[in-house]
Structures are given as structure tokens and as C-alpha cells.
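Summary of the model geometry
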Amino acid sequence: MADGFEPIGHIADRVVEKAKDRALEKALISLAMTQRRLAHEYKRRALEASATGHDARYWQYRKNSDRLWCEAKKHLAWAQRERIRP
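Residues numbered from 1 in each chain as written. Predicted model: local features only at pLDDT ≥ 70, side-chain atom pairs only at ≥ 80, totals over all residues. Heavy atoms only, no water.

1. Re the environment of Lys-73
Considering the arrangement of structural elements, one finds Lys-73 in helix H2 (residues 55-84). Lys-73 sits in the exposed class, given a relative accessible area of 60%. Linking Lys-73 and Arg-36, residues 37 residues apart in sequence, is a C-alpha distance of 8.9 Å. (Helix = DSSP H or I, 4+ residues; strand = E, 2+ residues; numbered from the N terminus. Buried < 20%, exposed > 50% of the residue type's maximum accessible area, 1.4 Å probe, protein only.)

Here is the structure:
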């Protein structure tokens, strides 16, 4: 508006948008932490499979572990972008 005041509706919309951004950030961090825990579990299983001579299972577990680590890093970066967004 010309007098420097914004209608109440626009302010409320910004507050709601910020709350959504914070909720998205928290959800992305939670997802990334879960993916990291699963990646650790898959890596542990891969080492067990290797020790027992199950090479095919080892590579399957390592592939899943690597994929989860990559996705966790992507989700953490996304959460960080949400945090610094104006």
C-alpha cells in the first residue's frame, strides 16, 4: 500500500508460509536422520555378509547403504536451503 502498511491478510499469509517452511525443514532433517541410521544398518549387514562369504548380498547392502547416504545428504542440503530462504 502507498501509506506503508500492509493489509492484515498479507502478514498472516507470510506467517503461515514461514511456519510451513519450518515444518518442511524439520521433516527433511528427520528424513535425513532416518536415512543415515538405515545406511549404517545396511553397512553393518554388508560387513556381516562379507564375513560369511555372501558376496552378492554384500554388494546389494552396500548399494542400498550408498544410496541412502546420498539421499540423506541431498535432504540435509535441501533443509539448509529452506533455513536460509528469506
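2. Quick word on the pattern of salt bridges
The tally for this structure, following the rule as stated, stands at 5 salt bridges. Between Glu-41 and Arg-44 there is a salt bridge whose closest N-O contact spans 2.3 Å. Taken together, the residues Glu-41 and Arg-44, both in helix H1 (residues 8-51) and 3 residues apart, mark about one turn of the helix. You can call Glu-41 partly exposed: its relative accessible area is 28%. As a salt-bridge pair, Glu-41 and Arg-45 come within 3.1 Å of each other at their nearest N and O atoms. Within this pair, Glu-41 and its partner Arg-45 are both found in helix H1, separated by 4 residues, close to a single helical turn. Here the residues in one salt-bridge network are Glu-41, Arg-44, Arg-45 and Glu-48, joined through shared partners. (Salt bridge = Lys/Arg side-chain N within 4 Å of Asp/Glu carboxyl O.)

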